[in-house]
Amino acid sequence: MRICFVSDNLVGYHKQWAGAEQACYRLGKILIKHNYEIVFVTKKPELSPADNLNISWIKTLGQGFFGKIIKKILVNFFPVDPVAKKYSLKLFKELKPNLVHLHRFNELSFSLAASAKKLKIPVVFSLYDFISICPKG
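Residues numbered from 1 in each chain as written. Predicted model: local features only at pLDDT ≥ 70, side-chain atom pairs only at ≥ 80, totals over all residues. Heavy atoms only, no water.

(A) View of unusual backbone geometry. Phi at Lys96 is positive, roughly 50°, even though this residue is not glycine. Along the chain, the position of Lys96 falls in the loop between helix H3 (82-95) and strand S4 (99-104). Even without a glycine there, the phi angle at Lys120 is positive, about 60°. For Lys120, the location among the structural elements is in the loop between helix H4 (111-118) and strand S5 (123-125). (Helix = DSSP H or I, 4+ residues; strand = E, 2+ residues; numbered from the N terminus.)

See below:
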């Protein structure tokens, strides 16, 4: 079974990460040991990791100075990043996952869920940063 694990950042691949990213990473590693094919879908890695996970990264609107400004404005009205949607649709067509598991996707946006839905791929979502547990989330 091929599962795409979606997370904005990933332990060992990005400079900033917290509990949700750590849970995504750990669960993925456990499933890999049980012979699941896990593809971590994330933003472009910032670090050279020690481990060799199956990583696919997608572009987002929020890259560069003007991209960040446009994304901040757009997110207030429409919670889907059109750039991430384009790249995630292409990626999911290529990978043909059996399931998409959304972990933390604030920057990647709901675009990945929309792409999966369009391709009739089941989606699950793990809620880590519930306001009662994580006020900053």
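So that's the structure; there's more coming.
(B) Representation of the side chain of Thr42. As for its position among the elements, Thr42 is in strand S2 (residues 37-42). A polar side-chain atom of Thr42 sits 2.8 Å from the main-chain carbonyl oxygen of Asp8. Sequence-distant contacts of Thr42, defined by excluding residues within four places in its chain, comprise Ser7, Asp8, Asn9, Leu10, His14, Ile55, Ser56, Trp57, Ile58 and Leu108. (Polar contact = N/O pair within 3.5 Å; in protein donor to acceptor, adjacent residues only side chain to side chain. Contact = heavy atoms within 4.5 Å.)

(C) The arrangement of the sheet that holds strand S1 (residues 2-7) in detail. Spatial ordering of the open sheet is given by S3-S2-S1-S4-S5, a layout of five strands whose pairing is parallel. Lying at the two open borders of the sheet, with one neighbouring strand each, are strand S3 (55-57) and S5. When strand polarity is set aside, the average angle formed by the axes of neighbouring strands in this sheet is 25°. In this sheet, S2 lies alongside S1 in parallel orientation, the contact comprising five bridges. Bridged to Val6 within S2 is Val41. Against the sheet, H4 engages S1, S2, S4 and S5, with an angle of about 170° to S4. (Pairing = 2+ DSSP bridges. Axes fitted to C-alpha atoms, helices over the stretch in contact; angles between N-to-C directions.)

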